Amino acid sequence: MPQIRRLPENLVNRIAAGEVVERPSSALKELVENAIDAGATRIAVKLVEGGLTSLEVTDDGCGMSPEEMALALERHATSKLPDKAIEQVATLGFRGEALPSIASVARFTIESRPHGAEQGWKRVVDHGEVTAEGPAALPPGTRVRVESLFGKIPARRKFLRTPRSEYAACKDVVLRLAMARPEVAMTLDHGDRRIFGLQGGEGLANRVAQLVARELKDNGVILDMERGAMRLTGIAGLPTYNRGVADHQYLFVNGRPVKDRLLTGAVRGAYADMLARDRHAVLALFLEIPCEDVDVNVHPAKTEVRFLDAQGVRGFIVSGLRQALATGDKRSAQSPDAGAMARWQQEPIARSSSEAVAHQGRGEPAPALRSIFEGRDWSAPREHVAEPSQAWRAADSDVMAEPRGRAEEAAPAAEEAQDYPLGIARGQVANTYIVAEAKDGLVLVDQHAAHERLVLERLRAAGAEEAVARSQALLIPEVVELDETSCDRLEEAAPKLAEHGLTIERFGPSAMLVRSLPHAIARTDPEKLLRDIDDDLALNGEALLLGEKLDLVLATMACHGSVRAGRVLRVDEMNALLREMERTPRSGQCNHGRPTWVKLSMEEVEKLFGRH
């Protein structure tokens, strides 16, 4: 019969390392967090081959004495945890497992010098065995080097990925921690190459924009709001500034980077009616909440958290995001597409007067008169400007003819363009795009996308959302059989689902009874709907799917009730559309997250004509 025995210390550390240290990025995360907790103002990270060969973290924190260093390499020894009050932990680390776990599976070198000490101390541990220690010369702070991770454990080493993949994971770790601490200067080197160098104290918005995308600052809104003891700060990208994956959503709780499904579900809910399902917002959110209201000790790597009032936190994030977007949602992604700008061409110019005459002789217009809007002639510009010639004069009657337009009086108010953000309508292109003149540039509006958003907001204001969600009772209630866990989730979400018109109740341990469906989707299959909602609850912790289905119904109604592309509009109709866009929330993007308007600044217009 097998006997229970106490495991040796080195084996215990290796088992703990399996929970804490999965790959080089896991060890790097622990070391950078230790540097931040030590009060460092400067942190330098150096990687070789993505951390597979070595990784090094140097900081200017408080440092350690030789006695503290020896104690830090023992399991469950820490200076961060308040006695008997784990719920009050405010530091990134608190378990005291990281250093001994890393030292048990790698060659681990730690050097440290407290402020005010004459010299530092060094200790080398090779896969759990102390091989050297003694005085070390270094400035105040700590330097930790990890080499040959899993070098003596081939069973773990073979599961590590390529240097490129490990480097990407390490970079993501440093990026998130740098974003969480804008007051700390950080550098990241990979081999002989400097990846980034960040100055401390540069402000949250600047730090996020520098690490995520520089254009985020111009295409996002700043958040700073409070509710009770909670505070939400950060920067959220406009719905028109989106990505195809959710990798550019950075979430922090009390300065700790987390990947929490409740938070990601709240973000998705906030952007639900402004983005297509396959597009994702770009943002960085920082939630501050009392330590006793959040449990950070639910995951070995501390990347997940659990909230005491999960629904309160979710509601705060959703309303906070929507409120912030309401201040900037009339904006669109401001910068014109670079590819579209590159396709603008200069007017082709005749090489010489004789060449122009030759063209005229063949009955063709002179090259100088060939427009980029006719025949799509995208040939390269000529090398020099020709002198005026009789060939040009021959076309006077065509060139100098008065412009022809609609037989109606032009809008008189050239000066009024100064008073409206979207300017004054000047015309219509392809019966689809409105051209408007604003005080600071040229505005192009997609009339169908813009009116679609306006109609959707009108429907909501008129109570159409409640009408769409109105319940329609089933003549015979339908029983849907599910596993017990799914039934528990659905039963808990039943009051919220009832607000959308879906009435369900428990029918035994492993079945749900569907009594009514939302009026707008009354013909849907109840069993398929409940299974989809259950999957949504399991993934996001919130039933977002049903609300999205009803939003889709409203969006379809808005699409059919809006101005179509190809319809000719009068100038007064164009101006009325522009004025309503300026008054309507979320008018900067259509129901699918695409921009409803773009602006070409006067500076960009002048560049097209070589005047800048």
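Caption draft 1: Structural context of the overall build of the protein. Along the backbone of the protein there are 20 helices and 24 strands. The buried share among the 612 residues of the protein stands at 47%. Long-range pairs, those at least 24 residues apart, make up 68% of the contacts in the protein between residues at least 6 apart in sequence. Element-wise, carbon and sulfur atoms account for 52% of the exposed surface of the protein, whose accessible area totals about 31400 Å².

Caption draft 2: Structural view of the pairing of strand β19 (residues 433–438). Summarising the sheet, strand β18 (residues 424–429) and β19 pair through five bridges and their orientation is antiparallel. Within β19, the residue paired with Ala 425 across the bridge is Ala 436. Joining the antiparallel neighbours β18 and β19 is a turn of three residues, in which Ala 430 adopts a positive phi near 55°. The sheet contact formed by β19 and strand β20 (residues 441–446) spans six bridges and is antiparallel. Looking at β20, one finds that Ala 438 is bridged to Gly 441. Once β19 ends, the chain turns through two residues before running back antiparallel as β20.

Caption draft 3: Main features of the environment of Trp 597. Looking at the secondary structure, you find Trp 597 in strand β24 (residues 597–601). Placed 150 residues apart in sequence, Trp 597 and Gln 447 show a C-alpha to C-alpha distance of 8.8 Å.

Caption draft 4: Focus on the pattern of salt bridges. Following the criterion strictly, the structure yields 28 salt bridges and no others. The partner of Arg 506 in a salt bridge is Asp 488, with the nearest N and O atoms 2.9 Å apart. Here Arg 506 is found in strand β22 (residues 503–506), whereas its partner Asp 488 is found in helix α16 (residues 484–499), with 18 residues between them in sequence. One salt bridge in this structure joins Glu 499 and Lys 496, with 3.8 Å as the shortest N-O distance. With Glu 499 and Lys 496 both in helix α16 and three residues apart, the pair spans about one turn of that helix. Connected through salt bridges with shared partners, the residues Arg 567, Arg 570, Asp 572 and Glu 573 form a single ionic network.

Caption draft 5: Seen up close, α16. Across its 16 residues, α16 extends 24 Å between first and last C-alpha, which sits within 8% of the 22 Å expected from 1.5 Å per residue. Most pronounced at Ala 493, the bend in α16 amounts to some 55°, and the proline Pro 495 follows within four residues. Among the residues making up α16, those that are buried are Ser 486, Cys 487, Leu 490, Ala 493, Ala 494 and Leu 497. The N-cap of α16, judged by a side-chain oxygen 3.1 Å from the amide nitrogen of Thr 485 a few residues on, is Asp 483. In the stretch just after α16, Gly 501 is the one whose phi turns positive, near 95°.

Caption draft 6: Focus on the nonpolar core. Within the largest apolar cluster, 61 residues are counted, with the highest numbers of intra-cluster contacts made by Leu 28, Val 32, Ile 43, Val 45, Phe 108, Val 146 and Met 179. Here this core takes nine residues from helix α6 (residues 163–180), the largest share from any one element. Setting aside residues up to four positions removed in sequence, Ile 43 forms contacts with Val 32, Ala 35, Ile 36, Val 57, Thr 58, Asp 59, Val 184, Ala 185, Met 186 and Thr 187.

Caption draft 7: Region of interest: the sheet that holds strand β12 (residues 249–253). The five strands lie next to each other as β9-β10-β15-β12-β13, forming an open sheet whose pairing is mixed. Single-partner strands in this sheet number two, and they are β9 (220–227) and β13 (256–258). Along the sheet, successive strands turn relative to each other by an average axial angle of 20°, direction set aside. Sheet topology places β12 next to strand β15 (residues 283–288); five bridges connect them, and they run parallel. By the bridge assignment for β15, Val 253 is matched with Leu 287.

Caption draft 8: How the structure looks around the sheet that holds β20. As summarised here, the arrangement of the four strands in space is β18-β19-β20-β24, forming an open sheet in which the pairing is antiparallel. Here the strands that pair on one side only, and so sit at the sheet edges, are β18 and β24. Across the sheet, the axes of successive neighbouring strands diverge by a mean angle of 25°, strand direction being ignored. Those strands touched by helix α14 (residues 447–461) are β18, β19 and β20, and its axis lies near 70° from that of β20.

Caption draft 9: Geometry of unusual backbone geometry. Within the chain, Asn 254 stands out as a residue other than glycine whose phi angle is a positive 50°. Note on placement: Asn 254 falls in the loop between β12 and β13. Residue Asn 254 is classed as partly exposed on the basis of its relative accessible area, which comes to 28%. One non-glycine residue with positive phi stands out, namely Ala 430, at about 55°. When you line up the elements, Ala 430 lands in the loop between β18 and β19.

Caption draft 10: Structural context of the side chain of Gln 249. Here Gln 249 lies in strand β12. Take Gln 249: its relative accessible area is 12%, and that puts it in the buried class. Of the polar contacts made by the side chain of Gln 249, one reaches the backbone oxygen of Ala 281; its length is 3.2 Å. Not counting chain neighbours up to four residues away, the residues in contact with Gln 249 comprise Arg 176, Val 267, His 280, Ala 281 and Leu 283.

Caption draft 11: Quick peek at the confidence of the model for the protein. Looking at the protein, the pLDDT average stands at 80 and 77% of residues meet or exceed 70. In the model of the protein, helix α12 (residues 390–393) stands out as the element of lowest mean pLDDT, 44, in contrast to strand β1 (residues 42–48), which has the highest, 97. pLDDT under 50 marks residues 349–407. Its contacts with residues more than four places away, or in other chains, come to 55 contacts.

Caption draft 12: Main features of α14. For α14, which comprises 15 residues, the first-to-last C-alpha distance of 21 Å matches the rise-based estimate of 21 Å (1.5 Å per residue) to within 8%. The buried fraction of α14 amounts to 12 of the 15 residues, a majority that puts the element mostly inside the structure. The set of residues buried in α14 consists of Gln 447, His 448, Ala 449, Ala 450, His 451, Glu 452, Arg 453, Leu 454, Val 455, Leu 456, Glu 457 and Arg 460.

Caption draft 13: Quick peek at the pairing of strand β2 (residues 54–59). Within β2, five of the six residues are buried, leaving the element largely enclosed by the surrounding structure. Pairing between β1 and β2: six bridges, direction antiparallel. Residue pairing across strands places Ile 43 opposite Asp 59, the latter belonging to β2. Two successive antiparallel strands, β1 and β2, enclose a turn made up of five residues, where Glu 49 displays a positive phi of approximately 55°. Where β2 lies against strand β6 (residues 141–147), six bridges are found, and the strand directions are antiparallel. Paired with Ser 54 across the strands is Glu 147, a residue of β6.

Basis of the calculations
Residues numbered from 1 in each chain as written. Predicted model: local features only at pLDDT ≥ 70, side-chain atom pairs only at ≥ 80, totals over all residues. Heavy atoms only, no water. Helix = DSSP H or I, 4+ residues; strand = E, 2+ residues; numbered from the N terminus. Buried < 20%, exposed > 50% of the residue type's maximum accessible area, 1.4 Å probe, protein only. Contact = heavy atoms within 4.5 Å. Areas by Shrake-Rupley, 256 points an atom, 1.4 Å probe, with all protein chains shown as cover. Pairing = 2+ DSSP bridges. Salt bridge = Lys/Arg side-chain N within 4 Å of Asp/Glu carboxyl O. Expected span 1.5 Å × (residues − 1). Bend = angle between axes of the 7 residues up to and from the residue. Polar contact = N/O pair within 3.5 Å; in protein donor to acceptor, adjacent residues only side chain to side chain. Core = buried A, V, L, I, M, F, W, Y, C linked by side-chain atoms within 4.5 Å. Axes fitted to C-alpha atoms, helices over the stretch in contact; angles between N-to-C directions. pLDDT = per-residue confidence, 0-100.

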